[in-house]
Amino acid sequence: MSTTEESRSTTASPQDADWVEELTPRQIVLELDKYIVGQDAAKRAVAIALRNRWRRQRVDEELRDEIMPNNIILIGPTGVGKTEIARRLARLAGAPFVKVEASKFTEVGYVGRDVESMIRDLVDFAVNMVREEREADVEELAQQQVEERLLDLLLPAGPDGKPPAEDPGARSPRAFIVGIEGVRPPEDEEEDGNDPDAAQRLRERRERTREKLRTLLKDNKLEERTVDIEVTQSQPFENMMLPMGAEGMDFNLTEMLQDMMPKKKKRRTVTVAEARRILLQDELDKLVDMDEVVNEALERTEDMGIIFLDEIDKVAGERGSAGPDVSREGVQRDLLPVVEGSTVQTKYGMVRTDHILFVAAGAFHVSKPSDLIPELQGRFPIRVELKPLREEDFVRILTEPKNALLRQYQALVGTENVTLTFSDDGVREIARIAAEVNSRMENIGARRLHTVLTTLLDDLLYELPDSGRSTITVDAATVRERLKSIVEDEDLRRYIL
């Protein structure tokens, strides 16, 4: 892939029709290969599912609503890439994405999270995503307006060119300017009031002073100076007691009460840097039309949303047991209408779930997919089994992905002006130890590499600033020496690795 195509893969928005068209299943798999080792069957399944969403948008409208997404169940032990596949897929498509754990849900009517809360979370994510895109579009204009507002704070002027009557509680702008090299308050040079040209000269001096301040602002030379600004405050409700079950309510009670309360203005003395941040958000709020943001976010949620439903195996089990099953079969019954297609009330409006893509995942060590209720099984027609990771997979995971762990540690060490290198035999030894520990203990997949590397590099990272070394090489002998005692001591290994 070319560099241009690579950059587009991380920055393109879903409105970019050309980019979406380039996302062929083969192209999607190639993108996923940059971050995930192996698991070709799972990559093919999600690539086809994503391409089918693009295909559906081009089907005649009469048939479009009838085409349902092919939801997927990823089956495999922890740490083999299930979550990463779904997360990278959502980033590729620029789609709203949330990860939820099925084991956190309880049946409706019991204390806990209800399944519809994941749709509300998805809408919140979509609104934030669209808002960030809109803010990025108008940020340059907002920055310009912030600059003008800061200049007005630093050097206010009335219609006659003279400073307006000052607020008794405000600090004099002249106090701000005095002491700035090369800038003198124009009032210090004010001419005799009998001179008819004095006002004009004063305006010209003020304009010159304003431009000097503008230059200093752009050069970030006034960031530590302080100014007085007014900020809007509303009554805080963070600690307000809500009724039981309020976490599943269909509206945001806190926001509603805050909107009802009168807003108060408070004058604060802040640095120019802090004022810039506060004013920038204020200007972005004015420039971004939230009605348009919400409308587009709802559309993206309905047509492009992806929900990763982890630990689906935790709600599977034998059916027909006596008594309420509030966290297993009861949750499945509640999940069914959401996955099947229903309408959920959110604080931004009604959302249809018919075309949201659900990607479920589970280890299924104790239960199996057939233990799910038949109706729910039918809503996940695509099942893909992910393979456990072996020693050779660990070697690839350490070296091949764009965000490989070894590259991350090399970048961290590089901040201390030290070059960290891993020899080939050192990488293989790290992979061998990780695979061995996984085989003797709980198999946590690639996550074991994190614990092994953290333990391996612990002393190095601690002593690095004082070591005076410019290069460090980690080879097989170094790995064995640093980890020998831990690997041989089974109790210690369980505790540390």
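Residues numbered from 1 in each chain as written. Predicted model: local features only at pLDDT ≥ 70, side-chain atom pairs only at ≥ 80, totals over all residues. Heavy atoms only, no water.

Q: Sorry, what's going on with the sheet that holds strand 1 (residues 72-75) here?
A: Two orientations exist for strands paired in a sheet by backbone hydrogen bonds: parallel and antiparallel. Spatially, the five strands line up as an open sheet ordered 2-5-8-1-9, and their pairing is parallel. What marks the edges here is a single partner per strand, and that holds for strand 2 (97-101) and strand 9 (382-385). Each adjacent strand pair in this sheet contributes to an overall mean axis angle of 20°, direction not counted. With four bridges connecting them, strand 1 and strand 8 (residues 357-362) associate as parallel partners. Note on strand 8: the bridge partner recorded for Leu74 is Ala361. (Pairing = 2+ DSSP bridges. Helix = DSSP H or I, 4+ residues; strand = E, 2+ residues; numbered from the N terminus. Axes fitted to C-alpha atoms, helices over the stretch in contact; angles between N-to-C directions.)

Q: I tried to follow the environment of Val123 on my own but got confused; where do I start?
A: On the secondary structure map, Val123 appears in helix 7 (residues 117-154). According to the relative accessible area criterion, Val123 is buried, its value standing at 0%. Taking the C-alpha atoms as reference points, Val123 and Phe97, separated by 26 residues in sequence, lie 9.2 Å from one another. With near-sequence residues (within four places) excluded, Val123 lies in contact with Leu298, Thr301, Thr346, Tyr348 and Val351. (Buried < 20%, exposed > 50% of the residue type's maximum accessible area, 1.4 Å probe, protein only. Contact = heavy atoms within 4.5 Å.)

Q: Looking at this model, I keep getting lost on the packing of aromatic side chains. Mind explaining?
A: Any pair of aromatic rings gets described here by the distance separating the centres and the angle formed by the planes. Under the counting rule described, the total for this entry stands at zero aromatic pairs. Of note, Arg51 hangs over the ring of Trp54, and the distance from its end group to the ring centre comes to 3.8 Å. A cation over a ring is seen here: Arg88 above Tyr35, with NZ or CZ 3.8 Å from the ring centre. (Phe/Tyr/Trp six-rings, centres within 6.5 Å; stacked < 30°, edge-to-face > 60°. Lys NZ or Arg CZ within 6 Å of the ring centre and 35° of its normal.)

Q: What's the story with the nonpolar core in this structure? I'm lost.
A: One finds Leu74, Phe422, Ile430 and Leu453 to be the most contacted residues of the largest nonpolar core, which totals 63 residues. Examining the composition of this core, we find that seven residues originate from one element, helix 17 (residues 424-440), more than from any other. Contact partners of Leu74, with chain neighbours within four places excluded, come to Ala42, Lys82, Phe308, Val359, Ala360, Ala361, Gly362, Val384 and Leu386. Residues Ala126, Val127, Val338 and Ile373 belong to the second largest nonpolar core, which totals 39 residues. (Core = buried A, V, L, I, M, F, W, Y, C linked by side-chain atoms within 4.5 Å.)

Q: Explanation requested: the side chain of Lys43 in the structure shown.
A: Counting through the fold element by element, Lys43 comes out in helix 4 (residues 40-57). Using a relative accessible area of 1% as the deciding quantity, one classes Lys43 as buried. A distance of 2.6 Å separates a polar side-chain atom of Lys43 from the backbone oxygen of Ile36. Setting aside anything within four residues of it in sequence, one finds Lys43 in contact with Val29, Leu32, Asp33, Ile36, Val37 and Gly38. (Polar contact = N/O pair within 3.5 Å; in protein donor to acceptor, adjacent residues only side chain to side chain.)

Q: What am I meant to see in the pattern of salt bridges here?
A: Two side chains that carry opposite charge are able to pair once their charged atoms sit near each other. One pass over the structure, following the stated rule, counts 33 salt bridges. Of the charged contacts in the structure, one is a salt bridge between Arg87 and Glu84, with a shortest N-O distance of 3.0 Å. Linking Arg87 with Glu84, this pair stays in helix 6 (residues 82-93), spanning three residues, or about one helical turn. With its nearest N and O atoms 2.6 Å apart, the salt bridge here joins Glu133 to Arg300. One end of the pair, Glu133, is in helix 7; the other, Arg300, is in helix 12 (residues 290-304), and 167 residues separate them in sequence. Among the charged side chains, a network of salt bridges with common partners joins Glu429, Arg432, Glu436, Arg440 and Arg480. (Salt bridge = Lys/Arg side-chain N within 4 Å of Asp/Glu carboxyl O.)

Q: Just to check I follow, could you spell out the layout of surface pockets for this structure?
A: Which parts of space are left empty comes out when a probe the size of a water molecule is rolled across the atoms. The space that makes up the largest pocket amounts to roughly 830 Å³. For the largest pocket, the lining is made up of 35 residues, of which Gly79, Val80, Gly81, Ala446 and Arg447 are closest to its centre. Listed by contribution, the elements that provide at least two residues to the lining of the largest pocket are helix 6, strand 2, helix 16 (405-414) and helix 18 (447-456). Tallied by class, residues from the lining of the largest pocket come to 13 nonpolar, 11 polar and 11 charged. (1 Å grid on protein atoms, 1.4 Å probe; cavity = no way out; pocket = protein on both sides within 12 Å on 5 of 7 lines; lining within 4 Å. Points joined across faces, edges and corners; volume = space filled by probe spheres on them. Nonpolar A, V, L, I, M, F, W, Y, C, P; charged D, E, K, R; others polar.)

Q: Would you take a moment to explain the confidence of the model for the protein for this structure?
A: The predicted coordinates should not be examined in detail at positions where pLDDT is low. Summary statistics for the protein give a mean pLDDT of 78 and a share of 76% for residues scoring 70 or more. A low-confidence stretch, residues 1-19 stays under pLDDT 50, and its non-local contacts, those more than four residues away or across chains, total 24 contacts. Under a pLDDT of 50 for its full length, residues 244-251 has, in the predicted model, 12 contacts with residues more than four places off or in other chains. (pLDDT = per-residue confidence, 0-100.)

Q: In this structure, what is going on with helix 20 (residues 476-488)? I would like to understand it.
A: One full turn of an α-helix is made of 3.6 residues, so residues set three or four places apart face in the same direction. Along helix 20, the sharpest kink reaches roughly 45°, centred on Arg482. Taken together, the buried positions of helix 20 are occupied by Ala476, Val479, Leu483, Ile486 and Val487. (Bend = angle between axes of the 7 residues up to and from the residue.)

Q: Help me out: how do you make sense of the packing of helix 3 (residues 25-33) against helix 6 in this one?
A: Angle between the axes and distance between the axes: these two values describe a pair of packed helices. Helix 6 packs onto helix 3 with a crossing angle of 120° between their chain directions and a minimal axis gap of 10 Å. Put simply, helix 3 runs oblique to helix 6. For the pair helix 3 and helix 6, the sense of crossing is right-handed. Contact residues: helix 3 offers Ile28, Glu31 and Leu32, while helix 6 offers Ile85, Arg88, Leu89 and Leu92. A class-by-class count of the residues in the contact of helix 3 with helix 6 yields five nonpolar, no polar and two charged. (Parallel < 35°, antiparallel > 145°, perpendicular 65-115°, else oblique. Left-handed = near helix turned anticlockwise from the far one by under 90°.)

Q: Can you walk me through the packing of helix 15 (residues 391-399) against helix 17 in this structure?
A: Here helix 15 crosses helix 17 at 130°, and the two axes come no closer than 8 Å. Relative to helix 17, the element helix 15 is oriented oblique. At the point where helix 15 passes helix 17, the crossing takes the right-handed sense. Facing Glu391, Phe394, Val395, Leu398 and Thr399 of helix 15, the residues of helix 17 in contact are Val427, Arg428, Ile430, Ala431, Arg432, Ala434, Ala435 and Asn438. When the residues that make up the contact of helix 15 with helix 17 are grouped by side-chain class, the tally is eight nonpolar, two polar and three charged.

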